[in-house]
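Examining the three-dimensional arrangement
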Amino acid sequence: VPGFDPSLSMMTGITPINPMIPGMGLVPPPPPTDVPVVKEIIHCNLPPPSTRERPPGCKTVFVGGLPENATEEIIQEVFEQCGDITAIRKSKKNFCHIRFAEEFMVDKAIYLSGYRMRLGSSTDKKDSGRLHVDFAQARDDFYEWECKQRMLAREERHRRKMEEDRLRPPSPPAIMHYSEHEAALLAEKLKDDSKFSEAITVLLTWIERGEVNRRSANQFYSMVQSANSHVRRLMNEKAAHEQEMEQAKESFKNALTGILTQFEQIVAVFNASTRQKAWDHFSKAQRKNIDIWRKHSEELRNAHSEQLMGIRREEEMEMSDDDSGDNPSKKLRVDDSALAAQAYALKEENDSLRWQLDAYRNEVELLKQEKGQLFRTEESLTKDQQLQFLQQTMQGMQQQLLSIQEELNNKKSELEQAKEEQTHTQAMLKVLQEQEINVLTVALVNQDREKNSEKRSPGLKSEKEALLIGIISTFLHVHPFGANIEYLWSYMQQLDSRISANEIEMLLMRLPRMFKQEFTGVGATLEKRWKFCAFEGIK
C-alpha cells in the first residue's frame, strides 16, 4: 500500500513479530559496511486479510479483539501511523470504531488485522488481544460520499455544457431596426461588393418585417435598384469562371491525349515483342511478365480512350445544343477553326481505333496459338464426357423401366388378390345368412331335435378333410388372435402342395361351431381372420 509505514510492529504497545509463525520471518541483519550491499526483492506470500464488502466512501474501520485495559490514547498511538484520525468511538466490549480523514488511510489500517497487541510486558489476558480490523458502514461517510458524487456530477454537467457551447455554431448577428439613418448606411453598403451579402440580408429582414410603407417606399426602391445592379456583376463573374473551366477542360483533354498517345506507343512495343521473331528469344518467365504488362497497359489504354471519347461526345452534344438554339442563318456559318478541330479529333479517333484493332488481332492470334494445341485434347475429353453421360442416362432409364415393370406386376397380383377376397366375402355373406336362419330355427326346437339335426347335418366326406380339420384346429389353437386365410394356406401347402385356399376356406365355413371369422383393423388395414371356437361351444 503506498505510504504504509512498515515500522508499525515496532511501536509502543505491539509485540514484535514472532519468527516461528508460518509464512512470517524476520528481516536479516544489515550486512557489514565493508561488504558491497546486494539488493534483493523480498516477496510476501501472505494473503490479504478477509474483509466484508467495502461501503462507498468508507473512512471508518471496525477494530475488534482489543485488550480490555486498552485506552483511547493507546489505540490512537497504534493507528495514527495509518493517517490522521478524526474520531475514536470506544466500546466497553473490547472493540471500537476509528474514523480517518481520507479513504486511502483505511486500506493501511486493514493490514493491521491479525496482529497480536500486548500492553507492555504483562502476560495478563486483559493486557493482550488479537486485532481484527474491518470496514465499517457509517452514515457520515456515506453522506460525504453522496455529496462528493453530486459535486462530481455537477462538474460533469458543467463540462458537457461548456463543450456543447463551444461546438455550437455561432448565432447570426442581431439585425438593427429600421431608421432613415440606418437605411442610408445600408444603401452605401449595398454599393460595396465586399459588404453586399451582409447588406442584402438586412434588407430582406426589413422587407419581411413590414417596414415598407408610403413614407419609406422610395428609399426601399433605391435599395432594391442597387441590389439589381449587382446582377450584371454576378453574370460577369459566372462567365469568367466558365471560361476558366473551359480552359481547364481543354488542358485536361490535351494532357489526356498525350497520355493516350504514350500508352499506344507502349502497347505497340509490347505487340512487337510478342511477335515470333523476338518472342522465341525470351525465357518463359520473361514471356509471362511481358504478357502481363501488355494486358495491363491495354486495359489502361482502353480506359483512357473511353474517357477521352466521353469528353468529346459531351462537347459534341454541347455544340449540337448550341446549334439548335441558334438561328438557321447562323447554322450555315460554320467556322473554319471548328471544322479543323473536328477533323483533327476524328483523325485521332481513327488512329486510336486502328491501334486498338491491331492490338485485338495480336491477342486473337496469341490465343489461337495457345489454344490450338489443347483444342484436340479438349474435344476428345468432351466427347468422352458426353459418352459417359449418355451411358449413365441409359442405365438410369433401364433401372426406371425395371422398377416400373415390378410395380406393374405388384399391381396385377394385388388386383388378383382383391378379386379373390371379393369372392370369399360373397361366399362368407351367404354362409352368414344361412347361419342366422339356422340360429333362429334352433332357438325354437328343443335340445333333442337339435341333437338329431346335428346328426343329420352333412358330415365329413373323407379322412383327408378330418386330417385337415385337426391340423387347422391345432394351428388356430396355437394362434389365439387368429390367422388370415393366406397364412393358413401357406402353412398347409407345406404339407400338401395341391391344396388351394378356396378349399380351406370352404371347409372352415362348413364348420361354424368350430371356426369363426372376425374382421380386424380399420379402413385400408381391414383384415379377415379365422379363430378356433370349439371349446367355447362345449362350455
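Keep in mind the model is a prediction, meaning the values are calculated, not measured.

**So, a nonpolar patch on the surface**
Where nonpolar side chains cluster on the molecular surface, the patch consists of Ile 207, Val 212 and Val 224 and spans about 230 Å² of accessible area. If you trace the backbone, Val 212 turns up in the loop between helix H5 (196–209) and helix H6 (217–228). Residue class for Val 212 comes out partly exposed when judged on its relative accessible area of 44%.

**Quick word on the side chain of Lys 59**
One can find Lys 59 in the segment before strand S1 (60–64). What makes Lys 59 buried here is its relative accessible area of 15%. Within the structure, the side chain of Lys 59 is placed 3.5 Å from the backbone oxygen of Ala 101, a separation counted as a polar contact.

**A look at the confidence of the model for the protein**
With 81% of its residues at a pLDDT of at least 70, the protein reaches an overall mean of 79. In this model residues 328–334 is a low-confidence stretch, pLDDT under 50, and it forms four contacts with partners more than four residues away in sequence or in other chains. Low pLDDT (under 50) marks residues 452–457, which in the prediction has one contact with non-local residues, meaning those over four places away or in another chain.

**Side note on the packing of aromatic side chains**
Taken as a whole and assessed by the stated rule, the structure comprises seven aromatic pairs. Ring centres of Tyr 178 and Phe 220 lie 5.3 Å apart, and the angle between their planes is 25°; on these two criteria the pair is classed as stacked. Taken together, the positions of Tyr 178 in the loop between helix H3 (139–167) and helix H4 (180–191) and Phe 220 in helix H6 put the pair 42 residues apart, joining distant regions of the chain. The two residues Tyr 178 and Phe 220 agree in class, both being buried. Following the ring pairs from residue to residue traces out a cluster consisting of Tyr 178, Trp 206 and Phe 220. In this arrangement the basic side chain of Arg 233 is found over the ring face of Phe 196, its NZ or CZ atom lying 5.9 Å from the centre.

**A closer look at the pairing of strand S2 (residues 85–90)**
Two strands pair when backbone bridges link them, and S2 and strand S3 (residues 95–100) are joined in this way by five bridges, in the antiparallel orientation. Its bridge partner being in S3, Lys 90 is matched across the sheet by Cys 96. What sits between the antiparallel neighbours S2 and S3 is a turn of four residues, in which Asn 94 has the positive phi angle 60°.

**Focus: H6**
Residue pairs three or four apart in sequence face the same way in an α-helix, which turns once every 3.6 residues. Along its twelve residues, H6 runs 16 Å from first to last C-alpha, staying within 8% of the 16 Å computed at 1.5 Å per residue. Of the positions making up H6, those classed as buried are Phe 220, Met 223, Ser 226 and Ala 227. One side of H6 holds all its buried residues, which, seen down the axis, span an arc of 120°. Facing away from the buried surface of H6 by more than 90 degrees, the exposed residues are Asn 218, Tyr 221 and Asn 228. Packed against the buried residues of H6 are H4, H5 and helix H7 (230–273).

**Brief notes about the sheet that holds strand S6 (residues 132–135)**
Reading across the sheet, the four strands line up as S2-S3-S1-S6 and stay open at both edges, with antiparallel pairing between neighbours. Where the open sheet ends on each side, the last strands, each with one partner, are S2 and S6. Ignoring which end each strand starts from, the neighbouring axes of this sheet average 20° apart. Note that S1 and S3 share five bridges and pair antiparallel. Paired with Val 61 across the strands is Ile 98, a residue of S3.

**A word on unusual backbone geometry**
Here Asn 94, not a glycine, exhibits a phi torsion of approximately 60°, which is positive. As for its placement among the helices and strands, Asn 94 is situated in the loop between S2 and S3.

**Quick look at the UniProt feature "coiled-coil region" (unreviewed entry) in the protein**
Those residues carrying the UniProt feature "coiled-coil region" (unreviewed entry) are residues 224–251 and 343–435 in this numbering. Summarising residues 224–251: 96% helix, 0% strand, and an end-to-end C-alpha distance of 41 Å.

**Some words on helix H13 (residues 463–478)**
Spanning 16 residues, H13 covers 23 Å between terminal C-alpha atoms, matching the ideal 22 Å at 1.5 Å per step. Turning to H13, its buried residues are Glu 465, Leu 468, Ile 469, Ile 472, Ser 473, Phe 475 and Leu 476. End-on, the buried residues of H13 take up no more than an arc of 165°, which puts them together on one face. For H13, the exposed residues set more than 90 degrees away from the buried face come down to Glu 463, Leu 467, Thr 474 and Val 478.

**So, the pairing of S1**
Of all five residues in S1, four are buried, a share of seventy percent or more. Taken together, the four bridges between S1 and S6 define a ladder with antiparallel strand orientation. Along S6, the bridge assignment pairs Val 61 with Phe 135.

**So, the packing of H4 against H5**
For the pair H4 and H5, interaxial distance at closest approach is 8 Å and the crossing angle is 140°. With respect to each other, H4 and H5 are oriented oblique. As for the relative orientation of H4 and H5, their crossing is left-handed in sense. Between H4, through Glu 182, Ala 183, Leu 186, Lys 189 and Leu 190, and H5, the contact on the second element is made entirely by Phe 196, Ala 199, Ile 200, Val 202, Leu 203 and Trp 206. Residue composition of the contact of H4 with H5, grouped by class: nine nonpolar, no polar and two charged.

**Comments concerning the packing of H4 against H6**
Look at H4 against H6: their axes get within 9 Å of each other, and the N-to-C directions meet at 15°. When the interaxial angle is binned, H4 and H6 end up roughly parallel. Relative to H6, H4 is oriented so that their crossing is left-handed. Each of Glu 180, Ala 183, Leu 186, Ala 187 and Leu 190 in H4 lies in contact with H6, whose residues at this interface are Gln 219, Met 223 and Ser 226. Partitioning the contact of H4 with H6 into residue classes produces five nonpolar, two polar and one charged.

**Re the side chain of Asn 271**
When you line up the elements, Asn 271 lands in helix H7. Residue classification places Asn 271 among the buried residues on the basis of a relative accessible area of 7%. Among all residues touching Asn 271, those that are not within four sequence positions of it are Arg 294, Glu 298, Ala 359 and Asn 362.

Rules used throughout
- Residues numbered from 1 in each chain as written.
- Predicted model: local features only at pLDDT ≥ 70, side-chain atom pairs only at ≥ 80, totals over all residues.
- Heavy atoms only, no water.
- Patch = residues over 30% accessible without salt bridge, like charges linked within 9 Å, V, L, I, M, F, W, Y side chains within 5 Å.
- Areas by Shrake-Rupley, 256 points an atom, 1.4 Å probe, with all protein chains shown as cover.
- Salt bridge = Lys/Arg side-chain N within 4 Å of Asp/Glu carboxyl O.
- Helix = DSSP H or I, 4+ residues; strand = E, 2+ residues; numbered from the N terminus.
- Buried < 20%, exposed > 50% of the residue type's maximum accessible area, 1.4 Å probe, protein only.
- Polar contact = N/O pair within 3.5 Å; in protein donor to acceptor, adjacent residues only side chain to side chain.
- pLDDT = per-residue confidence, 0-100.
- Contact = heavy atoms within 4.5 Å.
- Phe/Tyr/Trp six-rings, centres within 6.5 Å; stacked < 30°, edge-to-face > 60°.
- Lys NZ or Arg CZ within 6 Å of the ring centre and 35° of its normal.
- Pairing = 2+ DSSP bridges.
- Expected span 1.5 Å × (residues − 1).
- Arc of directions from axis to C-beta.
- Axes fitted to C-alpha atoms, helices over the stretch in contact; angles between N-to-C directions.
- UniProt positions renumbered as here; feature names shortened; annotations may be inferred.
- Parallel < 35°, antiparallel > 145°, perpendicular 65-115°, else oblique.
- Left-handed = near helix turned anticlockwise from the far one by under 90°.
- Nonpolar A, V, L, I, M, F, W, Y, C, P; charged D, E, K, R; others polar.

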